[in-house]
Amino acid sequence: MASHGVARRTQARTEDQRQKDMQKIKTYRELEDQIRNQASTGAFDEALFDLTSKLLTLNPEYYTIWNLRRRCLLASLSSPLPGVQNEASDSNKHDSELATLKSELAFTFPLLKNFPKCYWIWNFRRWILSQSILRLPVPAARKVWETELDLTSKMLSKDHRNFHAWGYRRIVVEKLESADLLGGSMAESEFAYTTAMIRLNLSNFSAWHSRSQLIPRLLDDRDADDKARSAFLAAELSLVREGLNVGPEDQSLWYYHQFLMTHIVDHHHRHSIAPALTISERIAYVRGEIDEIKDLLDDYDDIKWIYEALLEYTVDLSRLAKQEDAESHVVPIQDLQFWLSKLRALDPMRTGRWDDVARAAGPAIG
């Protein structure tokens, strides 16, 4: 059998290796049995807690064990302090709970480094963070969440496109902005973060996606007027074209470009970047983008994304032109026919898709 054109080679295990593997399996099953027996007694104590640590270190995908660990922690955190409750004991209780929560975050960190795309580790950390809000004074809880934001930055510096970490970061930021942590908008700083990450790696779908989600709030926070919004749109188009000029095969760049174009051609977009643009200005934008994309064909004539964008934006241009009765803006039919023929040749598996595009562009090119 071959994988990606490279023959897969299997090497027979030695008897010694087989025996070691069998011992690992035996140890794992014994550990499972111990946990089941302990949990069946209803004693969610330190002994069971320690067993979950051992098993999760071996297999962090075992979500049932994470749930048992939660129950152990809740039992531990709910235990009242001995003696009379007063400010001093409350302080001690908060210190103890903070230490416990930090210890749990520390426990999961090496697991996260080894298994950065394991949903259950991310979910458990999120649960631990939620406990900080329930149990700690706001300043202490906020510090825990801010530290977690720093962690996501470190994770993403090692794997720029880890969509788990990007999604988790958005959750952390949303909570830091919330009234629970006496927060305010972080749209400006997060937008700057996406810029930095895109500069490091243009092919970062998650960074582009986060950027698109931030834009409506960013412009509102800036109280941007129509002139500022138009300038912002032009700057974003320039940024993504910069990427397309060096990596036109990158799908993430085209998705972001399409996102921006939607804000140009859709007059009634709910959170339009530049809602005050006139039809003539929208036509000029689309016409300009088509011309810019056509220039890519001088160096790249075998990338389907270029031809698909040209056809789709031409359809958009035609719709806008009809609103202004400006047929002079329509792209020559021979160009449309050529682009469609290239799409059919470069991506024959999507014949139905290209038929739809042809119908949208007009019967003459089909």
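Right above here is the structure, for reference.
A brief report on the enclosed structure follows. (Residues numbered from 1 in each chain as written. Predicted model: local features only at pLDDT ≥ 70, side-chain atom pairs only at ≥ 80, totals over all residues. Heavy atoms only, no water.)

### Remarks on helix α2 (residues 46-58)
Look at α2: 19 Å from first C-alpha to last across 13 residues, which is about the 18 Å you get at 1.5 Å a residue. By the burial criterion, the buried members of α2 are Leu48, Phe49, Leu51, Thr52, Ser53, Leu55 and Leu56. Its side-chain oxygen 3.3 Å from the backbone nitrogen of Ala47, Asp45 forms the N-cap of α2. (Helix = DSSP H or I, 4+ residues; strand = E, 2+ residues; numbered from the N terminus. Expected span 1.5 Å × (residues − 1). Buried < 20%, exposed > 50% of the residue type's maximum accessible area, 1.4 Å probe, protein only. Polar contact = N/O pair within 3.5 Å; in protein donor to acceptor, adjacent residues only side chain to side chain.)

### What to know about helix α6 (residues 138-158)
Between its first and last C-alpha, α6 extends 31 Å over 21 residues, near the 30 Å set by a 1.5 Å rise per residue. Taken as a whole, α6 has its buried residues at Ala141, Val144, Trp145, Glu148, Leu149, Leu151, Thr152, Met155 and Leu156. Taken around the axis of α6, the buried residues stretch over an arc of 155°, which confines them to a single face. The exposed residues of α6 that point more than 90 degrees off its buried face are Pro139, Lys143, Lys154 and Lys158. (Arc of directions from axis to C-beta.)

### Topic: unusual backbone geometry
Positioned with a positive phi, Leu182 is a non-glycine residue whose angle comes to about 55°. Relative to the assigned elements, Leu182 resides in the loop between α7 (163-177) and α8 (187-200). Since its relative accessible area comes to 68%, Leu182 is described here as exposed. One non-glycine residue, Asp223, adopts positive backbone phi at about 55°. Position of Asp223 relative to the elements: it lies in the loop between α9 (205-221) and α10 (226-246).

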